[in-house]
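Residues per chain are reported as follows:
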Amino acid sequence: KSWIRGRDLGARASQVALWQAEAMAPMKPVLSEVTSLFNQALRSAFPSIQEEAKIIKGNPKFGDYQCNNAMGLFRDHGKTLGFAQPVGLAEAIKKGLPANDVFSDVVVSPQGFVTVKLNDSWLSRQVGNIVGHEIEYADTAGAKRVVVDFSSPNIAKEMHVGHLRSSILGETLCRILEFCGHEVHRLNHVGDWGTQFGMLIEFMKEVYPGFLEGTGGMPDVSDLNSFYKAAKKRFDEDEDFKKKSQEAVVDLQGGGKFARTAWQRICDVSRKSFNEIYERLEVRAEERGESFYNDMIPPLVEELKARGLCVESKGAMCIFCPGVADIPLMAVKGDGGFGYDSTDLAAIYHRLFIMRADWIVYLTDLGQETHFHMIFDAAVQAGWHRPPVTRLDHMGFGVVQGEDKKRFKTRSGETVKLVDLLDEAVLRAAQEIESRVKTQDEAGTEAFLKDPKDQQDAAEKLGIAAIRYFDMKQNRTSNYVFNYDKMLDPKGNSAVFLFYAYARIRAIQRKSAVEPEKLPVSELRVEHPAERELALKLLQFPDTIEAILEDLHLHRLTEYLWELCNVLTGFYTNCKVLCDGPERNSRLVLCEATRAVLSKSFDLLGFKPLERI
């Protein structure tokens, strides 16, 4: 039977040749493909009018995409062009479409909408290209050098739930940017400098007098966390201790051997704790804390003063950003010290001027949005940031809340430690897996993960993925309520549901006894409506990536996966995969293409699927 009904072997050979020619090309957004064709149509039909095609997804009853330019053109140019109704312009747009193999049907409605249906053979060929090759996507704007500033915990404090969003959103953004061909520099701007270290060093002298020499023990990060609170209490209540702490800060900033050694030891202890969490979350970043920029600040301030950008105000040296906020940035505080504003000015200078970044993205909670827009404005004033040549984004996000809609806390009112959050998710994932295995045993079906070690490994993957997905499926600018039950719901919009969808494809592939890489891709044909819906959804993956590059809203990818897996369920319901007919190989190819898109998406989101569950 020929690959496309009614075609002879010569036509089939031509189709296979097309497949091979396109096999290694990066995926292109379908919307861009459709828009490009309609842009050509508009230029051909109305050469004197410069207008971009307005394309939206169509009503499935009528077509896949819809061009809405005719009504606007009629309003603005109808009489000039000699048209009595929008439908006349729509017909002209249809006539102006270049010859192509993308559209099978082009229909003009009486209202002037131009609706197109994508060619089934084109859909089949594009989906076939996914199978057997690494999925690729190239940003149409070209490769950039991008700095992503994310996570940024404070030294001497444990990472808490507040660091969750910045860490995993930042990691996923980096993965997406790298996938799109950008050169990405992942920077972890840790809080490793400031007056707090003076009181911490002084307090540790008292409690662990021999820790520097290795004779007095060395606290773990939990001790440092409690010590920070105890040191702060002493600092606020004991004037003598406060004076010694201030002297320790001066010693630290002046490069005193004892203070610097103590500071380094504290940083090392914290770093070890951070890295344990980063390893579990599969987060990679180069630590470049506040201390890195210390020596850059004084000469930078002098330069800004000489240029008249940094001026004295109430004893401080300030940069005013009237277009952003009424309060100024303080390059130098009233007491002559340097603060967050100073460090962030030096950091953005270094990234734009020394690193030569084309694009910088800062990930923090929305409470810091004004601060960073002031930093961006100052960078424009200084000539470091030259939009649109360079791009700066503050990728702000809301807070994680408890059921009471307040910041997520423990029952005792303490901030939830991130490690405790991860442990609890893994524990609950283990319970879900145990329940699944028990159900499989009772039903007499094939049971996996019976070995306790395999169960624990799977629980770690599932638990971490559940947390990541639940966070990233939220609109990042919104607060959200943390809920373990919803996070691990096997029937809801969760990583568990996606894992089951992936594992089901793997189960079908094992039963088929055909290795995915040996599937005859050229036999793929999209005929049933459910096959067509799945094929079209697969090809919308690059559209999703393109949208993320525009607005940095990562929940677009989780929404896409949720929709894809629901479309996949409909495909299973209407189309038996392991049938005896000629559709078997075609549907197995469609399943493998779906698995490949799921696998790539999972990797971008930072988790690894389970082959069996």
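Note that the structure is predicted; figures quoted are calculated from it, not measured. (Residues numbered from 1 in each chain as written. Predicted model: local features only at pLDDT ≥ 70, side-chain atom pairs only at ≥ 80, totals over all residues. Heavy atoms only, no water.)

Considering the sheet that holds strand E1 (residues 55–57)
The strand order E1-E2-E4-E3 describes an open sheet built from 4 strands, whose pairing is antiparallel. If you trace the sheet from one side to the other, it starts and ends with E1 and strand E3 (103–108), each paired once. Between one strand axis and the next, the sheet turns by 25° as a mean value, whatever way the strands run. Here E3 pairs with strand E4 (residues 114–118) via 5 bridges, running antiparallel. Each bridged residue has a counterpart across the sheet, and for Asp105 the counterpart in E4 is Lys117. Running at roughly 165° to E3, helix H4 (residues 86–96) makes contact with E3 and E4 of the sheet. (Pairing = 2+ DSSP bridges. Helix = DSSP H or I, 4+ residues; strand = E, 2+ residues; numbered from the N terminus. Axes fitted to C-alpha atoms, helices over the stretch in contact; angles between N-to-C directions. Contact = heavy atoms within 4.5 Å.)

As for the nonpolar core
If you look at the biggest cluster of nonpolar residues, it comprises 160 residues, and the most contacted ones within it are Phe38, Leu118, Leu421 and Phe541. When sequence neighbours within four positions are dropped, the list of residues in contact with Phe38 reads Ala53, Ile55, Cys67, Ile93, Leu97, Phe103, Val114 and Val116. Residues Leu304, Cys321, Ala378 and Ala382 belong to the second largest nonpolar core, which totals 35 residues. (Core = buried A, V, L, I, M, F, W, Y, C linked by side-chain atoms within 4.5 Å. Buried < 20%, exposed > 50% of the residue type's maximum accessible area, 1.4 Å probe, protein only.)

Describing helix H18 (residues 529–539)
Extensive coverage of H18 is indicated by the burial of 9 of its 11 residues. Among the residues of H18, Ala530, Glu531, Arg532, Leu534, Ala535, Leu536, Lys537, Leu538 and Leu539 are the ones counted as buried. Structurally, H18 contributes buried residues whose contacts are with helix H2 (30–45), E4, helix H5 (120–130), helix H19 (541–551), helix H20 (555–574) and helix H21 (583–605).

Looking at the sheet that holds strand E8 (residues 311–313)
Strands sit in the order E8-E9-E10 across an open sheet of 3 strands; the sheet is antiparallel. The outermost strands of the open sheet, each flanked by one partner alone, are E8 and strand E10 (329–332). Taking each pair of neighbouring strands and ignoring which way they run, the sheet shows an average axis angle of 55°. By the bridge criterion, 3 bridges tie E8 to strand E9 (residues 316–319) in an arrangement that is antiparallel.

A short note on the packing of helix H6 (residues 162–179) against H21
It is at 7 Å that the axes of H6 and H21 come closest, and there the two elements cross at 130°. Relative to H21, H6 is oriented oblique. Each of Thr172, Arg175, Ile176 and Phe179 in H6 lies in contact with H21, whose residues at this interface are Lys600, Asp603, Leu604 and Leu605. Residue classes in the contact of H6 with H21 are distributed as 4 nonpolar, 1 polar and 3 charged. (Parallel < 35°, antiparallel > 145°, perpendicular 65-115°, else oblique. Nonpolar A, V, L, I, M, F, W, Y, C, P; charged D, E, K, R; others polar.)

Considerations on the packing of aromatic side chains
Within the structure shown, the criterion is met by 20 aromatic pairs. Their ring planes at 25° and their centres at 5.2 Å tell us that Tyr349 and Phe353 sit as a pair that is stacked. In this pair, Tyr349 and Phe353 both sit in helix H12 (residues 340–354), 4 residues apart, roughly one turn of the helix. Given a relative accessible area of 17%, Tyr349 falls into the buried group. Seen in terms of ring centroids, Tyr362 and Phe372 are 4.7 Å apart; in terms of plane orientation they differ by 35°. Their pairing is tilted. (Phe/Tyr/Trp six-rings, centres within 6.5 Å; stacked < 30°, edge-to-face > 60°.)

Focus on the confidence of the model for the protein
The predicted model of the protein averages 90 in pLDDT, with 93% of residues at 70 or higher. The low-confidence segment residues 1–24 (pLDDT under 50) makes 37 contacts with residues lying over four places distant or belonging to another chain. (pLDDT = per-residue confidence, 0-100.)

What about helix H9 (residues 239–253)?
Taking 1.5 Å as the rise per residue, H9 with 15 residues should run 21 Å; its terminal C-alpha atoms sit 21 Å apart, in good agreement. All of the buried residues along H9 are Phe241, Ser245, Ala248, Val249 and Leu252. Down the axis of H9, the smallest arc covering the buried residues is 105°, so these residues share one side. Every exposed residue of H9 that faces more than 90 degrees away from the buried side is listed here: Glu239, Lys243 and Val250. Residue Asp238 occupies the N-cap position of H9, its side-chain oxygen lying 3.0 Å from the main-chain nitrogen of Asp240. (Expected span 1.5 Å × (residues − 1). Arc of directions from axis to C-beta. Polar contact = N/O pair within 3.5 Å; in protein donor to acceptor, adjacent residues only side chain to side chain.)

Thoughts on the pairing of E4
Most of E4 sits inside the fold, with 4 of its 5 residues counted as buried. In this sheet, E4 lies alongside strand E2 (residues 65–67) in antiparallel orientation, the contact comprising 3 bridges. Following the sheet pairing, Tyr65 is matched in E4 by Val116. Linking two consecutive strands that pair antiparallel, namely E3 and E4, is a turn of 5 residues; a positive phi of about 110° is found at Gly112 within it.

Section: empty space enclosed by the protein
The tally for this structure, following the rule as stated, stands at 2 cavities of 30 Å³ or more. A volume near 40 Å³ is recorded for the largest cavity. Lining the largest cavity are Ile297, Leu300, Val301, Leu304, Ala331, Ser342, Leu345 and Ala346. By residue number, the principal contributor to the lining of the largest cavity is helix H11 (residues 297–306), which donates 4 residues. As a volume, the second largest cavity reaches approximately 30 Å³. Around the second largest cavity sit Leu42, Arg43, Phe46, Ile49, Glu51 and Leu73, which together line it. Tallied by class, the residues present in the lining of the second largest cavity amount to 4 nonpolar, no polar and 2 charged. (1 Å grid on protein atoms, 1.4 Å probe; cavity = no way out; pocket = protein on both sides within 12 Å on 5 of 7 lines; lining within 4 Å. Points joined across faces, edges and corners; volume = space filled by probe spheres on them.)

Things to note about the side chain of Arg587
Looking at the secondary structure, you find Arg587 in helix H21. Apart from the residues lying within four places of it in its own chain, the contact partners of Arg587 are His528, Glu531, Phe571, Cys575, Lys576, Val577 and Cys579.

Side note on the environment of Met296
With respect to the helices, strands and loops of the structure, Met296 is situated in the loop between strand E7 (286–287) and H11. In the structure, Met296 is positioned 51 residues away from Ser245 in sequence and 25 Å away in space, judged by C-alpha atoms.

Brief notes about the pairing of strand E5 (residues 145–149)
Walk down a regular strand and you will see the side chains alternate between the two sheet faces. With 4 of 5 residues buried, E5 lies mostly within the body of the structure. Taken together, the 5 bridges between E5 and strand E6 (residues 183–188) define a ladder with parallel strand orientation. In the sheet register, Arg145 faces E6, and the bridge partner there is Glu183. In this structure, E5 lies alongside strand E11 (residues 359–362), joined through 4 bridges in parallel fashion.

What about the state of the cysteines?
With the rule as written, the count across this model stands at 0 disulfides. With no disulfide partner, Cys579 has as its closest neighbouring cysteine sulfur the one in Cys575, 9.1 Å distant. Judged by relative accessible area, which is 12%, Cys579 ranks as buried. (Disulfide = S-S within 2.5 Å.)

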